[in-house]
Amino acid sequence: MASQDGSSGAPQLERQKAFGPVKARQPHLLWLQKQVCGGDEGLFKPYAGLEKAAWEDKQTFVQWKSEAEFQRVVHPIRMRQKTIVLQPLVHSTPLPGYPLKVVEQPVMEHLQRFCQAFFSGMEVTLAEPLDMATLKNLTSRVHALTNRTQFLVPDLLKHLKSRRPRRAYCVVGVTLFDLYPSPEWNFVMGHALLTEGCAVFSFGRHFNPEQAVCGGESTLLVQLKHLWVLMRVMTHEICHVMGMKHCYYYHCAMNESNSIDEAVSQPLFLCPICLRKLHKALKFDVLQHYISLRERCQELLLVSSPLSVPSPPDGGVHATPPSPPKNLPALESDQSAPLDSAHSPPSLDHTHSSPSLDPAHSSPSLDHTHSSPSQGATQSTHPTPTEPSVTSQFQQSLNWLDECLHSLMSFI
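Residues numbered from 1 in each chain as written. Predicted model: local features only at pLDDT ≥ 70, side-chain atom pairs only at ≥ 80, totals over all residues. Heavy atoms only, no water.

(A) Molecular detail of the confidence of the model for the protein chain. For the protein chain, mean pLDDT is 77; residues scoring 70 or higher make up 71% of the total. Scored below 50 in pLDDT, residues 1–8 makes 21 contacts in the model with residues more than four places away or belonging to other chains. Note on residues 307–386: pLDDT is under 50 here. Beyond four places in sequence and across chains, it has 200 contacts. (pLDDT = per-residue confidence, 0-100. Contact = heavy atoms within 4.5 Å.)

Written as structure tokens, this is what we have:
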């Protein structure tokens with residue numbers, strides 16, 4: 001379908017309908033509405049390349065609001081909570097291909113501060129690292145192509161759910177280790193459960209830990225080089241926990257990723273329709289939201305420069321930046337269905353086919369074929385690309401935020 005603005009995504013009138021009416025005179029929402037109605041050209045770019053099968057999966061603000069109200073009835077205690085817990089997942093037993101056992105503390109603190117700014121109004125806390133070697137009933141396998149151990153996502157999510165504090169809205173696992181959602185799947189970058197208030201995402205496919213300098217030297221720089229995309233995956237998964245589906249209206253942080261190439265090229269921030277959903281959920285001031293995000297991006301721009309990376313607290317030497325990752329098939333999963341769907345409300349997300357590790361396997365092929373009820377993941381046969389400079393990523397994000405702030409402040 002051709003849109004009124006020349007893209008192959010949703011037409012402008014449909015985007016206006018998806019945003020919905022603004023009843024109260026709220027300048028910030030009126031500014032967002034103006035952007036949907038053709039306001040500042042270039043701030044929010046319409047989504048292009050929408051596949052026909054995805055049209056049924058588009059989620060309007062009104063649809064999200066109805067589903068969010070349903071969740072408040074089903075989970076009244078959790079839905080009132082205002083705390084997000086970031087849970088580092090480590091493994092004390094040496095595993096082949098994983099010389100790095102833990103996400104560096106400065107990296108976790110950057111993730112925490114950005115998450116706090118993105119989800120304005122929520123408190124974001126860091127939990128003590130959880131050793132996966134001590135967990136019972138945690139299934140793992142060795143990937144046939146990479147020879148690295150992978151951990152089964154449903155088992156990890158069960159453990160995360162059992163450790164979610166009663167006063168927490170959700171708990172989000174952060175790990176260096178590769179993940180997979182079921183035996184037929186290749187791998188996943190992130191996975192979320194709306195109904196259980198938990199999610200997990202992995203560094204595993206964003207860099208090659210074998211290139212890190214070991215022997216006591218710091219790997220902080222190695223991890224900082226991928227900080228931007230990790231923030232994007234983290235916030236994307238938490239938005240799924242908040243009931244948001246993939247976005248097909250604009251280029252947006254909630255776009256679906258068909259490859260790591262797409263994951264590193266998609267926006268870090270929400271489009272007007274998705275931002276209105278988050279605004280409704282958290283009731284923040286949109287101007288202050290953008291100001292806080294700008295402060296974090298300004299901080300991260302300085303930190304991401306190799307010349308400005310601070311010395312480790314222990315006085316160690318920073319690692320040499322790694323070579324580009326080895327060629328690996330890429331896949332993302334943003335699953336929002338419950339582990340046991342037999343007694344659960346309808347899922348708030350959609351599904352794609354899962355690639356088999358064995359090319360001769362009778363499962364769906366490597367094409368991006370949409371399939372049935374299980375939930376979202378995508379994969380690609382493209383090799384893992386060299387990610388853009390993290391400094392340039394934060395600089396571009398900072399420039400975009402400056403444009404948004406200028407436009408918003410002029411409007412109000």
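So, next bit.
(B) Molecular detail of the state of the cysteines. As enumerated under the stated definition, the model contains zero disulfides in all. For the unlinked cysteine Cys170, the closest cysteine sulfur is that of Cys115, found at 7.5 Å. The class of Cys170 is buried, set by a relative accessible area of 0%. (Disulfide = S-S within 2.5 Å. Buried < 20%, exposed > 50% of the residue type's maximum accessible area, 1.4 Å probe, protein only.)

(C) Here's a closer look at the nonpolar core. Counting residues in hydrophobic clusters, the biggest one holds 87 residues, and the most contacted among them are Ile84, Leu111, Phe114, Phe119, Leu270, Leu278 and Tyr290. If you tally residues by element for this core, the top one is helix H8 (residues 227–241), at ten residues. Sequence-distant contacts of Phe114, that is, excluding residues within four places in its chain, are made with Met231, Thr235, Leu268, Phe269, Leu293, Arg296, Cys297 and Leu300. (Core = buried A, V, L, I, M, F, W, Y, C linked by side-chain atoms within 4.5 Å. Helix = DSSP H or I, 4+ residues; strand = E, 2+ residues; numbered from the N terminus.)

(D) Region of the structure containing the pairing of strand E6 (residues 170–175). Counted residue by residue, E6 has six buried out of six residues, so it is predominantly covered. Here E6 shows no split at all, with Cys170, Val172 and Val174 on one side and Val171, Gly173 and Thr175 on the other all buried. Of the pairings in the sheet, the one linking strand E1 (residues 83–90) to E6 comprises six bridges and is parallel in character. Within E6, the position partnered with Gln87 by the bridge is Gly173. Where E6 and strand E9 (residues 198–202) come together, five bridges link them in parallel fashion. When the sheet's bridge partners are listed, Val171 is paired in E9 with Cys198. (Pairing = 2+ DSSP bridges.)

(E) Structural context of unusual backbone geometry. With a phi angle near 65°, Asn147 is a residue other than glycine that sits in the positive phi range. For Asn147, the location among the structural elements is in the loop between strand E4 (140–142) and strand E5 (149–152). Asn147 gets classed as exposed once you look at its relative accessible area, which sits at 55%. We note that Lys283 has phi near 60°; this positive angle belongs to a residue other than glycine. With respect to the element layout, Lys283 can be found in the loop between helix H10 (272–282) and helix H11 (286–304). Judged by relative accessible area, Lys283 falls into the exposed class, the value being 65%.

(F) View of the packing of helix H1 (residues 12–19) against helix H2 (residues 27–36). Contact geometry of H1 with H2 gives a least axis separation of 9 Å together with a crossing angle of 160°. On the basis of the axis angle, H1 is roughly antiparallel to H2. The crossing of H1 and H2 is right-handed. Touching Gln12, Arg15, Gln16 and Phe19 of H1 are Leu29, Leu32, Gln33 and Val36, all from H2. A per-class count over the contact of H1 with H2 returns four nonpolar, three polar and one charged. (Axes fitted to C-alpha atoms, helices over the stretch in contact; angles between N-to-C directions. Parallel < 35°, antiparallel > 145°, perpendicular 65-115°, else oblique. Left-handed = near helix turned anticlockwise from the far one by under 90°. Nonpolar A, V, L, I, M, F, W, Y, C, P; charged D, E, K, R; others polar.)

(G) Molecular detail of the sheet that holds E5. Pairing in this open sheet of three strands is mixed, and the strands run E4-E5-E7 from one edge to the other. Each end of this open sheet is capped by a strand with a single partner; those strands are E4 and strand E7 (178–180). Strand-to-strand twist across the sheet, computed as the mean angle between neighbouring axes with direction ignored, equals 35°. Sheet analysis places E5 next to E7, joined by three bridges and oriented parallel. The residue of E7 that forms the bridge with Leu152 is Tyr180. Against the sheet, helix H6 (residues 153–163) makes contact with E5 and E7, and its axis sits at roughly 55° relative to E5, the strand it touches most.

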